[in-house]
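In case you want the letters, here they are:
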Protein chains: 4
Amino acid sequence: MGRATERWAYLGPEGTFTEQAARALAAAAAVDLDPVGTVSVALDDVRSGRADAACAAMESSVEGAVPVTQDELTHGAPLRITAETYVPITFDLLARPGTSLASIRSVGAHPHGHAQIRPWLARSLPAAAAVMTASNAAAAAAVAAGDLDAAAAAPVAGARYGLDTLVADIGDVRDAVTRFVLLRRPGRPPAPTGNDRTSLVLSVGNHPGSLLAVLAEFASRGINLTRLESRPTRSKLGIYYFLVDADGHLADPAMADVVAALIRRQALLRWLGSYPRAAGLNDPTAEFATPTAYADAAAQVGRWQRGD
Amino acid sequence: MGRATERWAYLGPEGTFTEQAARALAAAAAVDLDPVGTVSVALDDVRSGRADAACAAMESSVEGAVPVTQDELTHGAPLRITAETYVPITFDLLARPGTSLASIRSVGAHPHGHAQIRPWLARSLPAAAAVMTASNAAAAAAVAAGDLDAAAAAPVAGARYGLDTLVADIGDVRDAVTRFVLLRRPGRPPAPTGNDRTSLVLSVGNHPGSLLAVLAEFASRGINLTRLESRPTRSKLGIYYFLVDADGHLADPAMADVVAALIRRQALLRWLGSYPRAAGLNDPTAEFATPTAYADAAAQVGRWQRGD
Amino acid sequence: MGRATERWAYLGPEGTFTEQAARALAAAAAVDLDPVGTVSVALDDVRSGRADAACAAMESSVEGAVPVTQDELTHGAPLRITAETYVPITFDLLARPGTSLASIRSVGAHPHGHAQIRPWLARSLPAAAAVMTASNAAAAAAVAAGDLDAAAAAPVAGARYGLDTLVADIGDVRDAVTRFVLLRRPGRPPAPTGNDRTSLVLSVGNHPGSLLAVLAEFASRGINLTRLESRPTRSKLGIYYFLVDADGHLADPAMADVVAALIRRQALLRWLGSYPRAAGLNDPTAEFATPTAYADAAAQVGRWQRGD
Amino acid sequence: MGRATERWAYLGPEGTFTEQAARALAAAAAVDLDPVGTVSVALDDVRSGRADAACAAMESSVEGAVPVTQDELTHGAPLRITAETYVPITFDLLARPGTSLASIRSVGAHPHGHAQIRPWLARSLPAAAAVMTASNAAAAAAVAAGDLDAAAAAPVAGARYGLDTLVADIGDVRDAVTRFVLLRRPGRPPAPTGNDRTSLVLSVGNHPGSLLAVLAEFASRGINLTRLESRPTRSKLGIYYFLVDADGHLADPAMADVVAALIRRQALLRWLGSYPRAAGLNDPTAEFATPTAYADAAAQVGRWQRGD
């Protein structure tokens, strides 16, 4: 008897970039993907056990951090990142089979999508009405239902709603990409692979030396930060959290050492998880931060303490 | 003959929070407010001289930095911040005069607005359809035109479109506030008031010590940072700019000193301006960073150099 | 049957400040004090097992570090400091019983002693010849032997050589004091008392950030340095070691942590020992550096690593 | 008519390493060298105008800092270093012409000199008495006067007192060298040569971050320290000054900048002078610390302040 099929929640509807990310994360595994109404619902499904995991957008090269994911990870009941993937963000003009470009009178998309396709629309379909929808995929669904002539949406939405791609890649930002993460209930992190990432939420006092002192803890242990995202508290401008991605795994002595130091300083709000890095390679570990360096130094101190 | 009336551009339509901010910034001055289609158009109007200034949202306590403003200030032709103001973000349910709550079948708002009123709608108007619009004010306009029953929008939109407030403050985030700035072509900054703010864009190399070294330049001169906002480049995840707000004015010796140090380190991408702080008070200047401390030290060094 | 009497070596002759220090360190214990010809001989006696311990001057408030002790501890076969004591340095004018001040024609002392009594001699015995001796105690011995009229030496030398104090405290430095240490072969350090000191030799690369990085390791763990003594290598100006005294005991987690970090950075040449502080009180341990803070943080990291 | 001959004071008697240093510093200039009884007298002669300059030992590769010079420069009426030179320290066995090695029964030297020749004496003249003198040159004078058989002293002492070198270089430290400085009354420093050194006395508070903050001021301006010498106050162990040698001249903008910063922080007790470096080459100036980098940054800040 095999392992039970997992259920993963994600922000629907079907045909979004998030679905595309979830499929990439699932890879060959048998996973039931369940579109839900909001990111918060997806995460609550994990917390309550209704889902095994949730796939959510973390940051976009165009829009920056995704506020709802950041805030849920910072303030909601704890979840852990166990995997990540990158999805290139491109917009296709989707329509029902047989539609000609010339016949299009209305184009639906989320306002953010419209912001990206406005130059193309102005050039190519200047007479078409721009119709706002709750998501790009919702626009594709409306096209399938006959309520709109065309939608600007992820390529996956065409397959999902039985639409054709009239024109591919009509957005005006080249190389846009979004990072998605897989979130699970707290548990043992994935085993280290040698090319891992650790995500943290730091809570830094608002006097000038505070952030400096916290960053120095990473630098003094040779730990590279690949991301430092400030995040205001939800209701007060001027007070910030920092979402940090750092090279390495909590199982690495240098990472365990810096995390312990942050705990002692009361600067660590959350450890969000350690997981394999999906793209790029960590810088080589500094000689003074390798597991061997840690083990040798600890052994030496122990010998001195005992008088061996 | 008086001073000519200025023309200020802002992201329309009329009835948005941005209009409210522009009115607050104009105060008693005679200013023609000109709603335009995008933030970028508003800023280009200033650059080209079609407008004297533009009012734009800079950061929200809920959504964080406003990407388009950040990117325009970082990458577009240079503009300078000369003033700032804070606008509380509240949503009113607006409808044509005489409309009863029970009769509302459709409620329009920008998807971000819908995100904030969803709990209220679910409780109070569970049967109403949520209609997406390009802005909350566009929803108010649609209500005025009879295309929608109600809109969730800024209080100012009611007055603007002849609508009544059926229910005030239906959003689910308390104390949400957005900071708006006034942008002008480069020129002499406003005179120091003693409670000023300086905004900068830093470009920091991606090895761990770089940000540390840059933050240390501020700390060693006793300069407090009230905001540190990482911002990815538009097309590459993992490389960041930092938008920084610091206490003080470029006319202050300590601020001039740190700005010069950042220039020497090639860490300063942009000086965005020095301008009166709209809320809160700067921390008192450290004794070693006062204008007197700077003048005394420079005088002493000069005497030693000359052998006086 | 009692514990065997220990033999301690010290720089003779009898009647020096070093003997005074050794007596203070021995306190009530039965110790045979053995004066030897040089500090190096005293330490070699410990290394070879001919002596159980050696008492040596470490630093003087007037002359600074004692080079031979510093160099032996840095470069010689390893020894450990297990105790310290402070001896006030005062010079008495010693002569054979019955000698009158007016009859004194020669005053012996080490050249350093002469440097300190020169003002008094010029005022009080302007006609007396200043005779140099290998130590102040050697001058006292010469007085006892009838070769000199008077000696400027430690009060203890009077008793030792049967001399009278003609005038007490004739040196021109008030409150001069020398710190002496007790040195033993490597072994288990004395148990922590809660008010301990740890001595280290650091080897710091000669680029500007090196010392900074090393000092930051102490500061980030809240460890106070009570002494930082640079010491050139024996034959090259411009390359330095640093002899450091720090508050705390190697058995304290924060001290063990910083010592391990220094080992990893290859910045620790020697751990010279942890031992009770003889004067003054350590600053209270910072909250983030207490044993409890260390234990709690390590426990939390362990739980996360295991997925508990 | 030429420039009047200067008078330089130095610690006598004639025939010391200090005389050798003074001759090197005088080079071709006509200088009257005046041996005086103590370093303090030499410096007071300069302060009072009785001498134009004084030559004094600053640090030795064997003994470290010279306390009396350090203390005079730190606490006495201000003097400035205007030149430096290095003298190799070697000991010759000097005797009256015609003396055979076998006939030597007494060898004079300062106790420090005896410490260095003890191994040679033990091997080569085990029966000779070690006689202490106030200086090595005083031993040479005593040999000339017939009071001693031989002296261990600087080679220059042989010529000075008409003695022959029986054996050259009998000390046991290879490559020992002492740095001497020329001290003058405060005035315009020597013009920068491009390879200069600046000497400072720092007064650093005794909490752990203080020294760190001060060293960071140098590091952040790319200024290399070639020497960092802690120095206790004269009467209190545990409180330190730091004598610092740094690459560069007070006329260099980066050095002027760090000196001003130290003044503002009240960490600069004394500027001891800027003068040509006698040996070795400064590291190349970091790109961000060149005069051009300073001038360009200051010009840019000025343009922004004025709104150009």
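Quantities reported herein were computed from a predicted structural model and do not represent experimental measurements.

Student: Lay out the packing of aromatic side chains in plain terms, naming residues and giving numbers.
Tutor: Under the criterion given, the structure shown has eight aromatic pairs over all chains. With a centroid separation of 6.1 Å and an interplanar angle of 90 degrees, the aromatic rings of Phe17(B) and Phe91(B) are classed as edge-to-face. Here Phe17(B) is found in helix H1 (residues 17–26), whereas its partner Phe91(B) is found in the loop between strand S5 (80–88) and strand S6 (92–95), with 74 residues between them in sequence. Judged by its relative accessible area of 12%, Phe17(B) falls in the buried class. Since its relative accessible area comes to 5%, Phe91(B) is described here as buried. One cation-aromatic arrangement involves Arg264(B) over Tyr294(D); the distance from NZ or CZ to the ring centre is 3.7 Å.

Student: I'd like to hear about the interface of chain B and chain D, residue by residue, with values.
Tutor: Taken together, the contact pairs 28 residues of chain B with 28 residues of chain D. Summed over the three residues of chain B that lose the most area to chain D, namely Arg264(B), Trp304(B) and Gln305(B), the buried surface amounts to 29% of that side. Viewed at the interface, chain D and chain B are joined by two salt bridges. Where Arg264(B) meets Asp257(D), a salt bridge forms, and the shortest distance between an N and an O atom there is 3.5 Å. Summed over the shared surface of chain B and chain D, the number is nine residue pairs in polar contact (both at pLDDT 80 or more). Within the residue set of the side of chain B that touches chain D, elements represented by two or more residues are helix H7 (208–220), helix H8 (253–264), strand S15 (268–276) and helix H9 (291–306) of chain B. Per-element tally for the side of chain B that touches chain D: the top contributor is H9(B), with eight residues. The residue inventory of the side of chain B that touches chain D, partitioned by class, reads 15 nonpolar, five polar and eight charged.

Student: Break down the packing of helix H9 (residues 291–306) of chain A against helix H8 (residues 253–264) of chain C for me, with residues and values.
Tutor: Contact pair H9(A) / H8(C): the axes reach a minimum separation of 9 Å and the direction vectors enclose 130 degrees. Considering the angle they form, H9(A) stands oblique to H8(C). Viewed along their axes, H9(A) and H8(C) form a crossing whose handedness is right-handed. Facing Ala293(A), Tyr294(A), Ala297(A), Gln300(A), Val301(A), Trp304(A) and Gln305(A) of H9(A), the residues of H8(C) in contact are Ala256(C), Val259(C), Ala260(C), Ile263(C) and Arg264(C). Here the contact of H9(A) with H8(C) is built from residues that sort into nine nonpolar, two polar and one charged.

The rules we used
Residues numbered from 1 in each chain as written. Chains lettered and ligands numbered in written order. Predicted model: local features only at pLDDT ≥ 70, side-chain atom pairs only at ≥ 80, totals over all residues. Heavy atoms only, no water. Phe/Tyr/Trp six-rings, centres within 6.5 Å; stacked < 30°, edge-to-face > 60°. Helix = DSSP H or I, 4+ residues; strand = E, 2+ residues; numbered from the N terminus. Buried < 20%, exposed > 50% of the residue type's maximum accessible area, 1.4 Å probe, protein only. Lys NZ or Arg CZ within 6 Å of the ring centre and 35° of its normal. Contact = heavy atoms within 4.5 Å. Buried area = accessible area lost by both parts, 1.4 Å probe. Salt bridge = Lys/Arg side-chain N within 4 Å of Asp/Glu carboxyl O. Polar contact = N/O pair within 3.5 Å; in protein donor to acceptor, adjacent residues only side chain to side chain. Nonpolar A, V, L, I, M, F, W, Y, C, P; charged D, E, K, R; others polar. Axes fitted to C-alpha atoms, helices over the stretch in contact; angles between N-to-C directions. Parallel < 35°, antiparallel > 145°, perpendicular 65-115°, else oblique. Left-handed = near helix turned anticlockwise from the far one by under 90°.

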